[in-house]
Amino acid sequence: MDKLKKLTACRLFWPLVCLFLVLLFNFIKSPSFFKISMNNGVLYGYLVDIFNRSSELIILAVGMTLCVASSAGTDISVGATMALAGGVSVYLLGTGNTYNMPWILAILIGLVVSVVCGVWNGFLVAKMKIQPMVATLILFTAGRGLAQLITGGNILYIKVPSFKYLGGFLPHIPIPTPILVAVIVVVLVSLFLNKTATKLYVESVGINPKASRLFGLNSNRIVLLTYAACGLCAGIAGMIATSRISSIDANNVGNLMELDAILAVALGGNSLAGGKFSLGGSVIGAITIQALSTTLYALKVTGDQLPLYKAIVVIVIVTLQSPEFKKFMNRYKAKRAAKAAGEKVAS
């Protein structure tokens with residue numbers, strides 16, 4: 001148990017260091033960076049904005065972590081699933097001054113659609129033995145087409161003010177609703193993984209699916225369930241993104257977010273080869289990405305230039321976490337220790 005705790009702490013060390021450095025840079029540049037104020041009954045501040053804007057990415061990173069851990073592959077269709085789930089819900093609610101149906105029911109149907117997308121991906125990966133990136137490429141290309149078909153190729157707007165609650169603020173609650181939803185998702189998934197044997201099963205299948213099958217685990221079912229969970233997470237993130245703008249734009253909702261979700265998993269110290277994983281690391285990775293984006297925007301970096309600067313920083317972060325860099329540092333420390341010992345003996 002002590003060894004497991006040390007391994008977890010080691011896995012979280014570099015993600016925390018990276019996040020700390022980004023926040024420290026912001027604090028040096030702007031001493032009021034950590035200031036949080038209350039305005040019109042809601043919380044405002046750089047930190048609140050970072051957590052708020054990273055909520056969708058945190059939720060996506062949770063689902064992506066499970067996929068990577070169980071199948072050593074990524075689900076690149078989560079962005080399209082976000083658009084599809086949001087499109088279904090908005091279409092069902094209608095664009096009039098009143099809802100065409102109860103908003104809870106419309107959201108639930110949208111989430112069911114996202115779960116179906118996840119199950120489809122899981123079926124292709126687990127049953128058909130298709131490489132995960134290739135399997136999810138189908139929905140990556142077709143998902144937005146389906147969303148466009150449902151919305152008629154138009155941007156559908158919701159006029160009912162209460163639709164903004166999910167992506168904005170609930171009445172009399174100062175914390176942005178997306179933050180609350182992200183916290184609930186992370187806590188529920190963490191409790192389910194750690195209070196049951198599910199995490200052990202997922203890691204076992206990710207490390208060696210054949211051995212897990214011989215041990216009595218249904219590896220195909222576990223992989224399928226992780227992809228279904230990833231689809232559900234994408235659906236929740238899609239609802240938040242749609243609620244933020246009170247509309248559905250099938251071309252832009254969740255666009256390229258699958259790349260940031262994969263990056264959040266990697267920055268969190270998780271191996272993309274599957275097996276052992278840290279949900280907390282992925283959450284920290286998602287927050288780091290959003291903090292980095294907020295920092296670059298504050299430095300007047302335009303949206304077109306943002307990917308370049310982000311890539312440079314990401315290369316540095318990933319290099320610091322790479323096994324080869326760690327081996328190099330260990331060899332360097334060993335040489336320094338041997339040299340110091342030799343000088344001590346000589347003296």
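Sequence positions are assigned chain by chain, starting from 1 and proceeding in written order. In view of the model being predicted, local features appear only for residues whose pLDDT reaches at least 70, and side-chain atom pairs are presented and counted only at 80 or more, with totals across whole chains, interfaces and linings using the full set of residues. Here the side-chain values reflect all heavy atoms present in the structure, with hydrogen atoms and water set aside.

**Q** Explain the overall build of the protein chain to me, please; I cannot follow it from the model alone.
**A** Numbering of helices and strands starts at the N terminus; helices are DSSP runs of H or I of at least 4 residues and strands are runs of E of at least 2. Assigned secondary structure in the protein chain consists of 14 helices and four strands. A compact globule built from 347 residues would reach a C-alpha radius of gyration of about 20 Å, and the protein chain, at 22 Å, matches this within 12%. When its C-alpha atoms are laid out on the principal axes, the protein chain stretches across 85 × 55 × 35 Å. Across the 347 residues of the protein chain, 47% fall into the buried class. Pairs at least 24 residues apart make up 74% of the contacts formed inside the protein chain by residues separated by at least 6 positions. For accessible areas, the Shrake-Rupley method is used with a probe of radius 1.4 Å. Any residue's cover is judged against the shown protein chains and nothing else. Accessible surface, the protein chain as shown: approximately 17,900 Å² in total, 69% of it carbon and sulfur. Throughout, radius of gyration means the C-alpha value; the globule benchmark is 2.2 Å times the number of residues raised to the power 0.38. Exposed residues in this analysis have more than 50% of their type's maximum accessible area, buried residues have under 20%, and partly exposed residues fall in between, with area computed by a 1.4 Å probe over protein chains only. The contact criterion used is simple: two residues touch if any of their non-hydrogen atoms lie within 4.5 Å.

**Q** What's the story with the packing of aromatic side chains in this structure? I'm lost.
**A** Geometrically, a pair of aromatic rings is defined through the distance of the ring centres and the angle of the planes. Any Phe, Tyr or Trp ring, taking Trp's six-membered ring, that has another such ring centre within 6.5 Å forms a pair; planes under 30 degrees apart are called stacked, those over 60 apart edge-to-face, and the others tilted. This structure, assessed with the given rule, holds four aromatic pairs. A ring pair is formed by F27 and F34, whose centres lie 5.6 Å apart and whose planes are at 50 degrees; its orientation type is tilted. A relative accessible area of 38% places F27 in the partly exposed class. With 5.4 Å between their ring centres and 15 degrees between their planes, F33 and Y46 make a pair best called stacked. Of the two residues, F33 sits in the loop between α1 (2–29) and β1 (37–39) while Y46 sits in helix α2 (residues 46–53), which places them 13 residues apart along the sequence. Among the aromatic residues, ring-to-ring pairing joins F27, F33, F34 and Y46 into one connected group. In this scheme, Lys NZ or Arg CZ marks a charge over a ring once it lies within 6 Å of the ring centre and within 35 degrees of the ring normal. It is K199 that lies over the ring of F277; its NZ or CZ is 5.3 Å from the centre.

**Q** Is there a simple way to explain the packing of helix α3 (residues 55–71) against helix α7 (residues 177–195) in this structure?
**A** Describing two packed helices takes the angle between their axes plus the distance from one axis to the other. Contact pair α3 / α7: the axes reach a minimum separation of 8 Å and the direction vectors enclose 20 degrees. Taken together, the axes of α3 and α7 lie roughly parallel to each other. Crossing handedness for the pair α3 and α7: left-handed. In this structure, α3 uses S55, I58, I59, V62 and L66 to contact α7, whose residues at the interface are P178, I179, V181, A182, V185, V186, V189 and L193. Asp, Glu, Lys and Arg are counted as charged, while Ala, Val, Leu, Ile, Met, Phe, Trp, Tyr, Cys and Pro are counted as nonpolar; the rest, among them Gly, fall into the polar class. For the contact of α3 with α7, the class distribution of residues is 12 nonpolar, one polar and no charged. Axis angles are defined between N-to-C directions and span 0 to 180 degrees, where every axis is a line fitted to C-alpha atoms and, for a helix, only to the segment in contact. Angle categories are assigned with fixed cut-offs, so that under 35 degrees is roughly parallel, over 145 is roughly antiparallel, 65 to 115 is roughly perpendicular, and the rest are oblique. Working rule for handedness: look at the near helix, and if it is turned counterclockwise from the far one by less than a right angle, call the crossing left-handed; if clockwise, right-handed.

**Q** I keep staring at helix α10 (residues 219–245) and nothing clicks. Help me out?
**A** The α-helix advances 3.6 residues per turn, and as a result positions three or four apart in sequence lie on the same side. When the terminal C-alpha atoms of α10 are compared, their 40 Å separation across 27 residues agrees well with the 39 Å that a helix rising 1.5 Å per residue should span. Across the 27 residues of α10, 22 count as buried, placing the element largely inside the fold. In the stretch just after α10, S246 is the one whose phi turns positive, near 50 degrees. Here the expected span of a helix is defined as 1.5 Å times the quantity of residues minus one.

**Q** So what exactly am I meant to see when it comes to the nonpolar core here?
**A** Soluble, globular proteins show a tendency: their nonpolar side chains are buried together. Core analysis: the biggest nonpolar cluster contains 83 residues, and I58, I59, L60, M64, M82 and I236 have the highest contact counts within it. Not counting residues within four places of it along the chain, the set of residues in contact with I58 comprises A182, V186, V283, A286 and I287. In this text, buried Ala, Val, Leu, Ile, Met, Phe, Trp, Tyr and Cys residues form a nonpolar core when linked through side-chain atoms within 4.5 Å.

**Q** Explanation requested: the environment of A234 in the structure shown.
**A** Turning to its location among the elements, A234 is positioned in helix α10. Residue A234 is classed as buried on the basis of its relative accessible area, which comes to 0%. The sequence separation of A234 and G118 amounts to 116 residues, and the corresponding C-alpha distance is 8.9 Å. The contacts of A234, once residues within four sequence positions are left out, are L60, V78, T81 and M82.

**Q** Is there a simple way to explain the pattern of salt bridges in this structure?
**A** Oppositely charged side chains may form a pair once their charged atoms are brought near each other. When a carboxyl oxygen of Asp or Glu is within 4 Å of a side-chain nitrogen of Lys or Arg, the pair counts as a salt bridge. Going through the model one piece at a time under the given rule, you end up with four salt bridges. A salt bridge links R53 to D49; the nearest nitrogen and oxygen atoms lie 3.9 Å apart. One end of the pair, R53, and the other, D49, are both in helix α2, four residues apart, so they sit about a helical turn from each other. For R53, a relative accessible area of 45% gives the class partly exposed. For D49, a relative accessible area of 33% puts it in the partly exposed group. A salt bridge links K327 to E324, with the shortest nitrogen-to-oxygen separation between them at 3.8 Å. Within this pair, K327 and its partner E324 are both found in helix α14 (residues 323–346), separated by three residues, close to a single helical turn. Given a relative accessible area of 52%, E324 falls into the exposed group.

These values are about where atoms sit, not about what they do.
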